[in-house]
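Analysis of the macromolecular model
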Amino acid sequence: MSDLHLDMEALAELEDIMEDDFGTLLETYLEDAESKLKLISDALGAGDAEALRELAHSFKGASCNVGALPLSRLCEDVEQLARLDNIIDITPLLPGILSEYSQVKKILQEKI
Amino acid sequence: MKETITVLVADDNDSDRLILSTILKRQGHDVLEAANGREAVDLFTEHRPHLVLLDALMPEVDGFQAARMIKCAAGEDLVPVIFLTSLKDASSLAKCLEAGGDDFLSKPYNRVILEAKIHAFQRMRQMHQTLQNQRDQIAKNNSYMLQEQRVAKAVFDNVAHSGCLDAPNIKHMLSPLSVFNGDVLLAAYKPSGGMHLMLGDFTGHGLPAAVGAMPMAEIFYGMTAKGFGLKDIVREINLKLKSILPIGVFCCAAFADVSYRKGSLSLWLGGLPDCYLIRANGELEVFKSDHVPIGVIDSRSFNDSMFEIRMELGDRFYLWSDGIHEARNLRDEMYGEQRLKDLFVNNEDTEALFGQIRLDVTNHIHGSERDDDITMLEVKMVDPSEIQTETFKVEMGAISGPTDWKMSYKLGPNTLRDFNPLPLLLQLLMEVPGLRPHSGTLYTVLSELYSNALEHGVIGLDSKLKSDPRGFAEYYQKRETALENLNTGYVEFTFEHLPTVEGGSLYVQVQDSGEGFEYDNESFKESPDEGFHGRGIPLIRNLCKRIHYVGAGNSVEAEFEWLQES
């Protein structure tokens, strides 16, 4: 049920746009995502709300563009909480994000 | 038509940037990529792309700051900045616009929308470019035009301001609204030592107004120098302007003939505001325009009647255009006639009056743009000795031209009615090179003898009438009526010129059909002011070698001698 995690239509359009570069795009996204998630986890540990907000915002946009809408929405929740300086409520969201990302990653890797 | 442009993409997300650049490249555009705001500004400065796509939230320098810096660096060029954003709240979007952003593109990116936006901004950019080109063209044209006007003005000034506006008894003010103003101010010495003055206000400004002023000045100076009377000059100028000016362009004008010797001023007023005369004792007299402006009606219906005004020493006459009356202050109030009149009524020192008017009007319009030309002239009645007339310098070679000749010229009633023979006669005399330096003197003598013959001889007017201001006007009224109804009488000039050892001698006889008068050539030598009933003889006496009346007193002889300069 891959379409729970990814908007397949948007992804198909992206494939259409990117043509040969589609694989490169997905790899780029995934690399970027790994590094963002690492940074998000670090920022959470450090209690750096500002860094969290920026990272979540950026990751939200990138995920949205590849059609990973549930992941994008989770990032938006983090961004909102970070804006309110609410680190405590962000901590429980992290496992959900990681699990959602792993689903997305699995599907995208198949596409590459 | 699809045009290839260079687009700068600034986004910190590698994947987002990749998507955008791919879309843009596929559409045929060149792409520059930046991963943060600082890189974006650097790339912009270096490559001057046509369009900028800018992520709002970026490390280093964020999108808002980058947008400001890019707009600043773009200067006059229109470089559209489109913010890439997933921001949704109104205040964040407003912040993008405040920073100079022109539009938004939200995630996920849609290539159709992106392409449409690029096209829209391309059109805007082209319009902006056209606008700038046209603006530059207009600025260029304008500077050409000003340059041409400066050249034309230099020519105009040579023609229009070569007169005697700097005479000691004249104060004047000319303030150009642009390079050319619609106002003309002319002043010229008459050969007899008096002055012709003219103030004109053409409809409109700039070149159209100046074009009309050129022939006006030419005729004014040319005819004045040749000894024509003011009426002839006004008629000639009206005829000329009527024939060259388009309908709707005309010239409101005042013409004045000032005689310092007689203490008189003849005034023709057409379409100008009321003109003021302030007596030395502070008394104010107002003259209203009684004619249509110059260049409106044809010669047949043109009226050349004038106010004949007696002026005592120290009396001052003022001419102005409506520029003073219509000068506006910051609250758009006109200066108005009342303020002007108050200055005259409350004045205690006529010598300072001109300066006061200038100051008061300048204070009134302080800080606001002048919306008409302000032109004003004051002429003061002074003793003839205070006016330094121009001396005509003539290159003289060996004696040539006519030296031994005689002629007579007899004018009958039809001719006397409205023809002025003096310019013709003066021109005849000027054929003798030796007489040319004396044109002013000869003109004075001839005009005095002619007006005596016509007014006291042919018409029989009593010169005593002219001794008070009311009688002065009456005198000229009677003169006009008598001339209109003239059907008998004559004035005859006889000239004889003979060479002498040292130069030449001119004999002039003027005879009229009048009854003559009782004269006494002998007593006149003793007390020159008596016995000639204001016939201006004392003056002529000083200018000629000999003058005396003969017969019944309706004939006078004058002799004039000139010496060859060695």
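Residues numbered from 1 in each chain as written. Chains lettered and ligands numbered in written order. Predicted model: local features only at pLDDT ≥ 70, side-chain atom pairs only at ≥ 80, totals over all residues.

So, about the overall build of chain A. From N to C terminus, chain A includes 6 helices and 0 strands. For chain A, the residues scored as buried account for 40% of the 112 residues in total. In chain A, the share of contacts with a sequence separation of at least 24, taken over all contacts with a separation of at least 6, comes to 59%. (Helix = DSSP H or I, 4+ residues; strand = E, 2+ residues; numbered from the N terminus. Buried ≥ 20, exposed ≤ 12 C-beta atoms within 10 Å, placed from the backbone. Contact = placed C-beta atoms within 7 Å.)

Looking only at helices and strands, chain B features 15 helices and 20 strands. Within the span of chain B, comprising 566 residues, buried residues form 37% of the whole. Counting contacts in chain B only where the partners sit at least 6 residues apart, residues at least 24 apart contribute 68% of the total.

Time to look at unusual backbone geometry. With an omega dihedral of -5°, the bond running from K107 of chain B to P108 of chain B counts as a cis peptide bond. If you trace the backbone, P108 of chain B turns up in the loop between β5 (103–106) and α5 (111–160). Phi is positive for E19 of chain A, close to 50°, though the residue is something other than glycine. By secondary structure assignment, the location of E19 of chain A is in the loop between α1 (8–18) and α2 (22–46). The backbone of D85 of chain A sits at a positive phi, close to 70°, despite the residue not being glycine.

The next subject is the interface of chain A and chain B. With 17 residues of chain A at the interface, the matching set in chain B holds 16 residues. Elements with a minimum of two residues in the side of chain A that touches chain B: α1, α2 and α3 (49–66) of chain A. Of the residues forming the side of chain A that touches chain B, the biggest block, 9 residues, is contributed by α3 of chain A. Residue composition of the side of chain A that touches chain B, by class: 8 nonpolar, 5 polar and 4 charged. (Nonpolar A, V, L, I, M, F, W, Y, C, P; charged D, E, K, R; others polar.)

Let's shift gears to the sheet that holds strand β2 (residues 30–34) of chain B. Residues and elements named next belong to chain B. Strand order in the open sheet made by the 5 strands is β2-β1-β3-β4-β5, with parallel pairing throughout. Only two strands of the sheet have a single neighbouring strand rather than two, namely β2 and β5. For this sheet, the mean inter-axis angle between neighbouring strands, taken without regard to orientation, is 20°. Relative to strand β4 (residues 81–85), strand β3 (residues 51–55) runs parallel, the two being bridged by 4 bridges. Directly across from L53, in β4, lies its bridge partner I82. Packing of helix α2 (residues 37–47) onto the sheet brings it into contact with β1 (6–10), β2 and β3, and relative to β1 it is tilted by some 165°. (Pairing = 2+ DSSP bridges. Axes fitted to C-alpha atoms, helices over the stretch in contact; angles between N-to-C directions.)

What follows concerns the nonpolar core. Residue and element names in this part refer to chain B. Ranked by size, the top nonpolar core spans 68 residues in total, and within it L197, F220, A253, A254, A256 and L319 carry the most contacts. Counting residues per element, this core draws most heavily on helix α6 (residues 206–225), which supplies 9 residues. Once you skip the residues sitting within four places of it in the chain, F220 turns out to touch L186, A188, H196, M198, I233 and I237. (Core = buried A, V, L, I, M, F, W, Y, C linked by C-beta atoms within 7 Å.)

Let us look at the packing of helix α11 (residues 422–429) of chain B against helix α12 (residues 439–458) of chain B. The description of two helices packed together rests on the angle between their axes and the distance between the axes. Residue and element names in this part refer to chain B. Put simply, α11 and α12 touch, their axes get as near as 10 Å, and they point 140° apart. When the axes of α11 and α12 are compared, the pair comes out oblique. Considering how the two elements wind past one another, α11 and α12 form a crossing that is right-handed. Each of L422, L425, L426 and L429 in α11 lies in contact with α12, whose residues at this interface are S439, L442, Y443, L446, S447 and Y450. Its residues assigned to classes, the contact of α11 with α12 comprises 8 nonpolar, 2 polar and no charged. (Parallel < 35°, antiparallel > 145°, perpendicular 65-115°, else oblique. Left-handed = near helix turned anticlockwise from the far one by under 90°.)

This next bit is on the pairing of strand β15 (residues 374–380) of chain B. All names here are of chain B. Counting buried residues in β15 gives 7 out of 7 residues, a clear majority hidden from the surface. Where strand β14 (residues 316–320) lies against β15, 5 bridges are found, and the strand directions are antiparallel. When the bridges of β15 are listed, Y318 appears paired with E378.

Let us look at the sheet that holds strand β13 (residues 307–310) of chain B. All names here are of chain B. What the 5 strands build is an open sheet, ordered β7-β8-β9-β10-β13; its pairing is antiparallel. The open sheet is flanked by β7 (183–189) and β13, the only strands paired with a single partner. Within the sheet, the average angular offset between the axes of one strand and its neighbour, ignoring direction, is 15°. Examined bridge by bridge, strand β10 (residues 264–270) and β13 share 4 bridges and lie antiparallel to one another. The residue bridging S266 from the neighbouring strand is E308, located in β13. Its contacts with the sheet put helix α7 (residues 230–244) on β8 (195–202), β9 (251–259) and β10, and the angle it makes with β9 is roughly 160°.

All names here are of chain A. For the pair helix α4 (residues 69–83) and helix α6 (residues 93–111), the least separation of the axes is 9 Å and the interaxial angle reads 155°. Regarding the angle of α4 to α6, the classification is roughly antiparallel. In this structure, the crossing between α4 and α6 has a hand that is left-handed. Residues P70, L71, L74, D77 and V78 of α4 lie in contact with α6, whose contacting residues are L93, G96, I97, E100, Y101 and V104. Grouping the constituent residues of the contact of α4 with α6 by class yields 8 nonpolar, 1 polar and 2 charged.

Our focus in this paragraph is the pairing of strand β17 (residues 491–499) of chain B. Strand residues, when the strand is regular, have side chains that alternate between the two faces of the sheet. Residues and elements named next belong to chain B. In the sheet, strand β16 (residues 405–411) pairs with β17 via 7 bridges, with the strands oriented antiparallel. Paired with K410 across the strands is E492, a residue of β17. Here 9 bridges tie β17 to strand β18 (residues 503–512), and the two strands are oriented antiparallel to one another. Bridging from a neighbouring strand, E496 pairs with Y507 of β18. Counted between consecutive antiparallel strands, the loop separating β17 from β18 contains 3 residues.

The next thing to look at is helix α3 (residues 63–74) of chain B. Residues and elements named next belong to chain B. Counted at 1.5 Å a residue, the expected span for α3 with its 12 residues is 16 Å, and the 16 Å between its end C-alpha atoms agrees. Those residues of α3 that sit buried are G63, F64, A66, A67, M69 and I70. In this fold, the buried residues of α3 make contact with β1, α2, β3, β4 and α4 (90–98). Of the residues trailing α3, G75 is marked for its positive phi of about 60°. (Expected span 1.5 Å × (residues − 1).)

This next bit is on the confidence of the model for chain B. All names here are of chain B. Within chain B, residue pLDDT values average 86, and 91% of them lie at 70 or more. Counting contacts from residues 391–396, a segment whose pLDDT is below 50, to residues more than four positions away or on other chains yields 8 contacts. Below a pLDDT of 50 lies the segment residues 526–531, which in the model reaches 8 contacts outside its immediate sequence neighbourhood of four places, other chains included. Interface scoring of the predicted complex returns ipTM 0.87; its pTM is 0.58. (pLDDT = per-residue confidence, 0-100.)

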